[in-house]
Amino acid sequence: MAQAAPRPQHHRPQFTLNTDGHPHPRENALVGVTVLLGAIAFVTSFFHNLHLLTSWTGLFGVLTGLVGLFFSVTTAERFAVVIGTGAAAFGLFLGVAHGGLFGGVW
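What counts as what
Residues numbered from 1 in each chain as written. Predicted model: local features only at pLDDT ≥ 70, side-chain atom pairs only at ≥ 80, totals over all residues. Heavy atoms only, no water. Phe/Tyr/Trp six-rings, centres within 6.5 Å; stacked < 30°, edge-to-face > 60°. Lys NZ or Arg CZ within 6 Å of the ring centre and 35° of its normal. Patch = residues over 30% accessible without salt bridge, like charges linked within 9 Å, V, L, I, M, F, W, Y side chains within 5 Å. Areas by Shrake-Rupley, 256 points an atom, 1.4 Å probe, with all protein chains shown as cover. Salt bridge = Lys/Arg side-chain N within 4 Å of Asp/Glu carboxyl O. Helix = DSSP H or I, 4+ residues; strand = E, 2+ residues; numbered from the N terminus. Buried < 20%, exposed > 50% of the residue type's maximum accessible area, 1.4 Å probe, protein only. Expected span 1.5 Å × (residues − 1). Contact = heavy atoms within 4.5 Å. Axes fitted to C-alpha atoms, helices over the stretch in contact; angles between N-to-C directions. Parallel < 35°, antiparallel > 145°, perpendicular 65-115°, else oblique. Left-handed = near helix turned anticlockwise from the far one by under 90°. Nonpolar A, V, L, I, M, F, W, Y, C, P; charged D, E, K, R; others polar.

What follows covers the packing of aromatic side chains. Applying the stated criterion across every chain, the model contains six aromatic pairs. Relative to phenylalanine 46, the ring of phenylalanine 42 lies with its centre 5.3 Å away and its plane at 90°, an arrangement referred to as edge-to-face. Taken together through their ring pairs, the aromatic side chains of Phe42, Phe46 and Phe90 make up a single cluster. For the cation-ring pair, arginine 26 lies above phenylalanine 71, with the distance from its terminal atom to the ring centre recorded as 4.4 Å.

See the structure below:
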């Protein structure tokens, strides 16, 4: 008697930073803040008149990225933090090159 073979179930992989199965709210918050600040610093670095915003968000993005790397638990967290920190550092460098953190006050 012929039987129908079971259809394979296709599960879409879920996006998660907690690949070890444990919740990490502090680490995930640091990842989110670092990526957000890095994205803002990176995008605003292409506009020389926004160098104050670029410099400060880049500086805080680099600092939160370093703290995030120190506290990160999983590889996925580290990956996102490194990308965000790199974008923040790029923004910080271009922001400083366009006028710096204080906008020529000093």
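Moving on from the coordinates now.
Turning next to a nonpolar patch on the surface. On the surface, Leu52, Trp56, Phe60, Leu63, Leu66, Leu69, Val82 and Phe102 cluster together to form a nonpolar patch covering roughly 700 Å² of accessible area. Take the nonpolar patch: its biggest share by element is six residues, from helix 2 (residues 51-71). Note on placement: valine 82 falls in helix 3 (residues 75-98). With a relative accessible area of 46%, valine 82 lands in the partly exposed category.

Residues three or four positions apart in an α-helix share a direction because the helix packs 3.6 residues into each turn. The terminal C-alpha atoms of helix 3 lie 35 Å apart, and with 24 residues this matches the ideal 34 Å at 1.5 Å per residue to within 8%. For helix 3, every residue scored as buried is listed here: Glu77, Ala80, Val81, Gly84, Thr85, Ala87, Ala88, Ala89, Gly91, Leu92 and Gly95. Buried-residue contacts for helix 3 involve helix 1 (25-44) and helix 2. Phi turns positive, to about 160°, at glycine 99, one or two residues after helix 3.

Here we come to the packing of helix 1 against helix 2. Two elements in contact, helix 1 and helix 2, have axes whose closest approach is 8 Å; the angle formed by their N-to-C orientations is 150°. The orientation of helix 1 relative to helix 2 falls into the category roughly antiparallel. Handedness of the helix 1/helix 2 crossing: left-handed. Side by side, helix 1 and helix 2 meet where Arg26, Glu27, Leu30, Val33, Thr34, Leu37, Ile40, Ala41 and Thr44 of the first sit next to Leu53, Thr54, Thr57, Gly58, Phe60, Gly61, Thr64, Gly65, Val67, Gly68 and Phe71 of the second. Looking at the contact of helix 1 with helix 2, its residues break down into nine nonpolar, nine polar and two charged.

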